[in-house]
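Structural characterization, general
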Amino acid sequence: MKKNMGARPLLYPLPLVIIGAANGAKPTWTLVGHVGVMGYSRVIVSLAQDHFINGLIRQKNKLSINSVTEKMLPDADVCGILSGKDDDKSFLFDYTLGDHGLPIITVSPISMECTVESIYNTPGFDNFICTVDSAYAEKECLNSEGEVDFGKAATVLFEFPGYNYISMGKVLGKGKTFAK
Ligand SMILES: Cc1cc2nc3c(=O)[nH]c(=O)nc-3n(C[C@H](O)[C@H](O)[C@H](O)COP(=O)(O)O)c2cc1C
């Protein structure tokens, strides 16, 4: 028998990511669990309106998305505790600039550069709807067909409100092969 848990988006676990944006000549990084995919080329990033990074994203209408692995968690955690309003977070990760000029984290197996297409506001949140301009994957995380092997990328997952970091489980098989 199911318990009614109230009006809550129980869609967890979700991939944990670090959102990057240019802060002058430096980057700033914010840890985010509330991200999603829209269609085949768009993503949504849900950020509380009082976060430091929102203003910087709005300035250029650009953000980067960087996957988090287990060994990144100590620094990723800092990105989710400190605000760029008070602390410079640019030193936390080595980064390069992608083809579209956005800071992407070197140790992240997967990164994307995105352009903000629109901002859908919900109470207290800016929900950035973005086009993916470029996606990058570490070559060691590709399979023999040249596609991303998410098991090798070992992206950390996240659940709310428990605030637990979760590792990926095993592959059960391919979609469209289970129908009887
Ligand atoms: C595990 C974890 C997940 C988080 N997910 C989100 C999120 O999805 N959306 C959000 O607005 N803030 C999220 N936060 C909070 C921000 O990362 C945090 O408030 C950060 O300090 C804001 O940084 P900024 O002010 O420099 O942008 C999360 C924090 C943690 C620790």
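To be clear, the structure that these remarks concern was listed above.
Let me begin by describing the structure that accompanies this report. Everything numeric in this text was worked out from a predicted model, so none of it was measured. (Residues numbered from 1 in each chain as written. Predicted model: local features only at pLDDT ≥ 70, side-chain atom pairs only at ≥ 80, totals over all residues.)

Overview of the overall build of the chain
For the chain, the count of helices and strands is 3 helices and 12 strands. Relative to a compact globule of 180 residues, whose C-alpha radius of gyration would be 16 Å, the chain shows 17 Å and is just as compact. Taking all 180 residues of the chain together, the buried fraction comes to 29%. (Helix = DSSP H or I, 4+ residues; strand = E, 2+ residues; numbered from the N terminus. Rg over C-alpha atoms; globule rule 2.2 N^0.38 Å. Buried ≥ 20, exposed ≤ 12 C-beta atoms within 10 Å, placed from the backbone.)

Observations concerning the sheet that holds strand β1 (residues 14–15)
Spatially, the 3 strands line up as an open sheet ordered β1-β11-β12, and their pairing is antiparallel. Bordering the open sheet on either side are β1 and β12 (164–166), each of which pairs with just one other strand. Bridge count between β1 and strand β11 (residues 157–159): 2 bridges; the pairing is antiparallel. Bridging from a neighbouring strand, Pro15 pairs with Leu157 of β11. (Pairing = 2+ DSSP bridges.)

Remarks on the site of the ligand
Neighbouring residues of the ligand: 20 residues in total, closest His34, Phe52, Gly80, Ser83 and Gly84. With 4 residues, the single largest contributor to the shell around the ligand is strand β3 (residues 26–32). Taken together, the residues that form the shell around the ligand break down as 10 nonpolar, 9 polar and 1 charged. (Near = placed C-beta within 6 Å. Nonpolar A, V, L, I, M, F, W, Y, C, P; charged D, E, K, R; others polar.)

As for the sheet that holds strand β6 (residues 62–67)
In sheet architecture, strand pairing relies on hydrogen bonds along the backbone and comes in two forms, parallel and antiparallel. In space, the 7 strands of this open sheet follow the order β3-β2-β6-β9-β10-β5-β4, with antiparallel pairing throughout. In this open sheet, the two strands that pair with only one neighbour each are β3 and β4 (35–38). Taking the axes of each pair of neighbouring strands and ignoring which way they run, one obtains an average angle of 35° across the sheet. Strand direction decides the pairing type here: β4 and strand β5 (residues 42–48), joined by 4 bridges, are antiparallel. Of the residues in β5, the one forming a bridge with Val35 is Val45. (Axes fitted to C-alpha atoms, helices over the stretch in contact; angles between N-to-C directions.)

Overview of the environment of Val116
In this fold, Val116 is placed in strand β9 (residues 110–122). In contact with Val116, not counting residues within four places along its chain, are Ile57, Asn61, Lys62, Leu63, Phe128 and Cys130. (Contact = placed C-beta atoms within 7 Å.)

Examining the pairing of β5
From the end of β4 to the start of β5, which pair antiparallel, there are 3 residues, and Gly39 there has a positive phi angle of about 65°. Of the strand pairs in this sheet, β5 and strand β10 (residues 125–137) are connected by 7 bridges, and their pairing is antiparallel. Residue pairing for β10: Val45 is matched across the bridge by Phe128.

Observations regarding unusual backbone geometry
The peptide bond linking Tyr12 to Pro13 adopts the cis configuration, its omega dihedral lying at 0°. By secondary structure assignment, the location of Pro13 is in the segment before β1. Residues Phe160 and Pro161 are joined by a peptide bond in cis, for which omega reads 15°. Among the structural elements, Pro161 can be located in the loop between β11 and β12. One non-glycine residue, Lys176, lies in the positive phi region at around 70°. By the element assignment, Lys176 lies in the segment after β12.

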